Amino acid sequence: MATTAESGPLQSPGTHEVSAQTARTPVNKLGVAAVITTVVLWASAFVGIRSVGPHFSPGSLTLGRLAIAAVALGLVVLPKLRTLPKGREWWPILAYGVMWFGGYNVALNAAEHLLDAGTSALLINVNPILIAVMAGVVLKEGFPRWLIIGSAVAFSGVAIIALSSGQRSTADVAGVLLCLLAAALAAVSVIVQKPVLRKFPAGQATWFGIVVGALCCLPFSGQLVTELQVAPLQATLGLVYLGVFPTAIAFTTWAYALSLIDAGRLAATTYLVPGTTILISWLVLGEVPTVWGLVGGVVCLVGVGLTRRRSR
């Protein structure tokens, strides 16, 4: 599941003229830290979902994760919250709350029961391409040459990782469709969220979406209570981790980075997630990466680096 460019001057990714202000604005250190935090924590989520997946169904896992995130982030956001969205300001928040925090997570959790990790990584990483296309059309960010070239290179790196992961025969058509649905929901949500971040801080915008997603998942509450009663402590702690770190923290750092960086260019950084996932799986679960998996990770890094080049 997600998802993300780290250095160099910000440009609006367009073949059209960029505004002088955007072209002169450098990516600050906090923006870089936000991108890195998002990539690492979203990568760890794949490991976490694999660990707790046998003990929680897709809907209850999503509800538990969002409920924990709502409480954790609420402790930070609520003391500083002075005003709530009004009228039409709620529409985009409701949209990405339902699609991203609710629908995306349920679809991804369900897909990971049917697909091996490599195939899931490949399919979810259709997301940056969708975001780049929609950002170019909807947000008028355009289609710069190096963003297209870098995205293609990074996507090829993801393909190498996926094809080297083995057990592709386990891929199920329903799982593929669920993964593509998750990618599409996330892509649309990024485009919808971008304007919200002009009015609300990253933490508040994220918390609003998390609460909306959690409310949508309330029908799974009975299932969650039942599964919590029989789940081992390690699985419950894994659920808490997923709620606090890849959700409350990582979605906030993503929103913060999105407030600073063009959507298409930021989305290209999420090509780093599959390679990072392999590294975390190696360290935490003892899953030794293949040579081709490592090669794919390097190709992803090169591709993301290319997206930061300035078109001349």
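Residues numbered from 1 in each chain as written. Predicted model: local features only at pLDDT ≥ 70, side-chain atom pairs only at ≥ 80, totals over all residues. Heavy atoms only, no water.

(A) Quick look at the overall build of the chain. Looking only at helices and strands, one finds 14 helices and zero strands in the chain. Ordered by position from N to C terminus, the α and β elements of the chain give α-α-α-α-α-α-α-α-α-α-α-α-α-α. Relative to its full complement of 312 residues, the chain shows a buried share of 52%. For the chain, the accessible area works out to roughly 13,700 Å², and carbon and sulfur atoms hold 70% of it. (Helix = DSSP H or I, 4+ residues; strand = E, 2+ residues; numbered from the N terminus. Buried < 20%, exposed > 50% of the residue type's maximum accessible area, 1.4 Å probe, protein only. Areas by Shrake-Rupley, 256 points an atom, 1.4 Å probe, with all protein chains shown as cover.)

(B) Region of the structure containing the environment of Ile 148. By secondary structure assignment, the location of Ile 148 is in helix H7 (residues 145–164). What makes Ile 148 partly exposed here is its relative accessible area of 45%. When the C-alpha atoms of Ile 148 and Ala 132 are compared, they prove to be 8.5 Å apart, with 16 residues separating the residues in sequence.

(C) Region of the structure containing the packing of aromatic side chains. The tally for this structure, following the rule as stated, stands at 12 aromatic pairs. For the pair Trp 207 and Phe 208, a centre-to-centre distance of 6.0 Å together with 55 degrees between the ring planes defines the contact as tilted. Look at Trp 207 and you get buried, because its relative accessible area is 14%. Judged by relative accessible area, Phe 208 falls into the buried class, the value being 2%. Here the aromatic cluster, defined as three or more aromatic residues joined through ring pairs, consists of Trp 42, Tyr 96, Trp 100, Phe 101, Phe 251 and Trp 254. (Phe/Tyr/Trp six-rings, centres within 6.5 Å; stacked < 30°, edge-to-face > 60°.)

(D) Focus on the confidence of the model for the chain. Taken as a whole, the chain shows an average pLDDT of 80; of its residues, 76% reach a score of 70 or greater. Within the model, pLDDT remains below 50 along residues 1–26, and this stretch shows 79 contacts once partners closer than five positions in the same chain are excluded. (pLDDT = per-residue confidence, 0-100. Contact = heavy atoms within 4.5 Å.)

(E) Expanded view of the side chain of Ser 189. For Ser 189, the location among the structural elements is in helix H8 (residues 173–196). On the basis of relative accessibility, which here comes to 0%, the residue Ser 189 falls in the buried class. Engagement of the side chain of Ser 189 in a polar contact is seen with the backbone oxygen of Leu 185, the distance being 2.7 Å. Excluding its chain neighbours within four sequence positions, the residues that come into contact with Ser 189 are Tyr 96, Met 99 and Trp 100. (Polar contact = N/O pair within 3.5 Å; in protein donor to acceptor, adjacent residues only side chain to side chain.)

(F) Fine view of a nonpolar patch on the surface. Together, Leu 279, Trp 282, Leu 283 and Val 284 make up a nonpolar patch on the protein surface, roughly 430 Å² of accessible area in all. Its place among the elements puts Val 284 in helix H13 (residues 272–284). (Patch = residues over 30% accessible without salt bridge, like charges linked within 9 Å, V, L, I, M, F, W, Y side chains within 5 Å. Salt bridge = Lys/Arg side-chain N within 4 Å of Asp/Glu carboxyl O.)

(G) Representation of the nonpolar core in the model. If you look at the biggest cluster of nonpolar residues, it comprises 66 residues, and the most contacted ones within it are Phe 56 and Trp 100. No other element matches helix H2 (residues 29–52), which puts 11 residues into this core. Filtering out sequence-adjacent residues up to four positions away, Phe 56 remains in contact with Leu 61, His 113, Leu 224, Glu 227, Leu 228, Ala 231, Ala 235 and Leu 239. Counting residues in hydrophobic clusters, the runner-up holds six residues, among them Ala 132, Leu 147, Ala 154 and Tyr 271. (Core = buried A, V, L, I, M, F, W, Y, C linked by side-chain atoms within 4.5 Å.)

(H) Structural view of the side chain of Thr 62. You can see Thr 62 is positioned in helix H3 (residues 58–77). One polar contact links the side chain of Thr 62 to the main-chain carbonyl oxygen of Pro 58, over a distance of 2.9 Å. Excluding residues within four positions of it along the chain, Thr 62 makes contact with Phe 101, Gly 102, Asn 105, Val 106, Asn 109 and Cys 217.

(I) Expanded view of the state of the cysteines. Counting across every chain of the model gives zero disulfides. Cys 216 takes part in no disulfide bond, and the closest cysteine sulfur, belonging to Cys 217, lies 6.5 Å away. Cys 216 sits in the partly exposed class, given a relative accessible area of 39%. Note on Cys 217: relative accessible area 2%, which makes it buried. (Disulfide = S-S within 2.5 Å.)

(J) A look at the packing of H2 against H13. It is at 8 Å that the axes of H2 and H13 come closest, and there the two elements cross at 55 degrees. Regarding the angle of H2 to H13, the classification is oblique. Considering the relative orientation of H2 and H13, their crossing is right-handed. In contact with Val 39, Val 40, Trp 42, Ala 43, Ser 44, Phe 46, Val 47 and Arg 50 of H2, H13 contributes Leu 272, Val 273, Thr 276, Thr 277, Ile 280 and Ser 281. In terms of residue class, the contact of H2 with H13 is made up of nine nonpolar, four polar and one charged. (Axes fitted to C-alpha atoms, helices over the stretch in contact; angles between N-to-C directions. Parallel < 35°, antiparallel > 145°, perpendicular 65-115°, else oblique. Left-handed = near helix turned anticlockwise from the far one by under 90°. Nonpolar A, V, L, I, M, F, W, Y, C, P; charged D, E, K, R; others polar.)

(K) Fine view of the packing of helix H9 (residues 202–216) against helix H11 (residues 233–260). Packing of H9 against H11 leaves a shortest axis separation of 8 Å and a crossing angle of 130 degrees. Relative to H11, the element H9 is oriented oblique. Relative to H11, H9 is oriented so that their crossing is right-handed. Across from Ala 202, Gly 203, Thr 206 and Ile 210 in H9, the residues of H11 making contact are Thr 247, Ala 248, Phe 251, Thr 252, Ala 255 and Tyr 256. Taken together, the residues of the contact of H9 with H11 break down into six nonpolar, four polar and no charged.

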